[in-house]
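What follows is the residue order along each chain.
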Amino acid sequence: MRTYAFLLCTALLMSSAMADIDFSDYHSPSQVDSEMAALESGFPALAKVMSIGSSVNGLPIKALKISDNVATDEADEGDVIFIASIHAREWLSTEMALYLAEYL
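Quick caveat: nothing in here was measured; it's all calculated off a predicted structure.

Participant: Would you mind showing me how to read the overall build of the protein here?
Facilitator: Looking only at helices and strands, the protein features two helices and four strands. Taken from the N to the C terminus, the helices and strands of the protein come in the order β-α-β-β-β-α. When burial is assessed residue by residue, the protein has 30% of its 104 residues classed as buried. In the protein, once contacts between residues fewer than 6 apart in sequence are set aside, the share between residues at least 24 apart is 67%.

In structure tokens:
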């Protein structure tokens, strides 16, 4: 099970375009990776996928940063962090974090 941290900065720009992620079924780790990459490619000025370390099993811990200034670490602005998939049976946390990322 992979761990995902969704980093959401407080100064966000709302976009009228949605990424249209299909939430009719649960997402596998590879599908979550694909959806995060699609958000990054669809909104390059607002979203950035990054690796923030490795799990105990050596798998990458990926983060999706969403910000009005995604390329800059703005230390003077607060952050909101949604952490998902910490435990194998917390499948809904991944879906909620992915849903919030699409919404923002």
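Participant: In this structure, what is going on with the environment of Asp 79? I would like to understand it.
Facilitator: Residue position: Asp 79 is located in strand β4 (residues 79–84). With a relative accessible area of 54%, Asp 79 lands in the exposed category. Residues Asp 79 and Ser 67, twelve residues apart in the sequence, show an inter-C-alpha distance of 9.6 Å.

Participant: In this structure, what is going on with the side chain of Lys 65? I would like to understand it.
Facilitator: You can see Lys 65 is positioned in strand β3 (residues 60–66). Buried within the structure, Lys 65 lacks any salt-bridge partner; Asp 73 is the closest side chain of opposite charge, at an N-O distance of 5.2 Å. Here the side chain of Lys 65 touches Thr 72 through a polar contact of 2.8 Å, landing on its backbone oxygen.

Participant: What exactly am I supposed to notice about unusual backbone geometry here?
Facilitator: Even without being a glycine, Ser 85 presents a positive backbone phi close to 65 degrees. Looking at the element boundaries, Ser 85 is found in the loop between β4 and α2 (91–103). A relative accessible area of 3% means that Ser 85 is categorised as buried.

Participant: Quick question: what am I supposed to make of the confidence of the model for the protein here?
Facilitator: As a note on interpretation, predicted positions should not be read in detail where pLDDT is low. On average, residues of the protein score 81 in pLDDT, and 82% of them reach the 70 mark or higher. For the protein, the element scoring lowest by mean pLDDT is strand β1 (residues 4–9), at 52; strand β2 (residues 47–54) scores highest, at 94. Note that pLDDT drops below 50 for residues 8–18; the model gives that stretch 30 contacts with residues more than four away or on any other chain.

Participant: I keep staring at helix α1 (residues 29–42) and nothing clicks. Help me out?
Facilitator: Because an α-helix packs 3.6 residues into every turn, residues spaced three or four apart end up facing the same way. Over its 14 residues, α1 runs 20 Å from end to end, which matches the ideal 20 Å to within 8%, given 1.5 Å per residue. Among the residues of α1, Val 32, Asp 33, Met 36 and Leu 39 are the ones counted as buried. Buried residues of α1, viewed axially, fall in a sector of 125 degrees; they line one side.

Participant: Mind showing me how you'd approach a nonpolar patch on the surface here?
Facilitator: Together, Phe 23, Tyr 26, Trp 91, Leu 92, Met 96, Tyr 99 and Tyr 103 give the surface a local cluster of nonpolar side chains, amounting to about 750 Å² of exposed area. Tracing the chain through its elements places Trp 91 in helix α2. You can call Trp 91 partly exposed: its relative accessible area is 44%.

The rules behind the values
- Residues numbered from 1 in each chain as written.
- Predicted model: local features only at pLDDT ≥ 70, side-chain atom pairs only at ≥ 80, totals over all residues.
- Heavy atoms only, no water.
- Helix = DSSP H or I, 4+ residues; strand = E, 2+ residues; numbered from the N terminus.
- Buried < 20%, exposed > 50% of the residue type's maximum accessible area, 1.4 Å probe, protein only.
- Contact = heavy atoms within 4.5 Å.
- Lys, Arg positive; Asp, Glu negative; His and termini not counted.
- Salt bridge = Lys/Arg side-chain N within 4 Å of Asp/Glu carboxyl O.
- Polar contact = N/O pair within 3.5 Å; in protein donor to acceptor, adjacent residues only side chain to side chain.
- pLDDT = per-residue confidence, 0-100.
- Expected span 1.5 Å × (residues − 1).
- Arc of directions from axis to C-beta.
- Patch = residues over 30% accessible without salt bridge, like charges linked within 9 Å, V, L, I, M, F, W, Y side chains within 5 Å.
- Areas by Shrake-Rupley, 256 points an atom, 1.4 Å probe, with all protein chains shown as cover.

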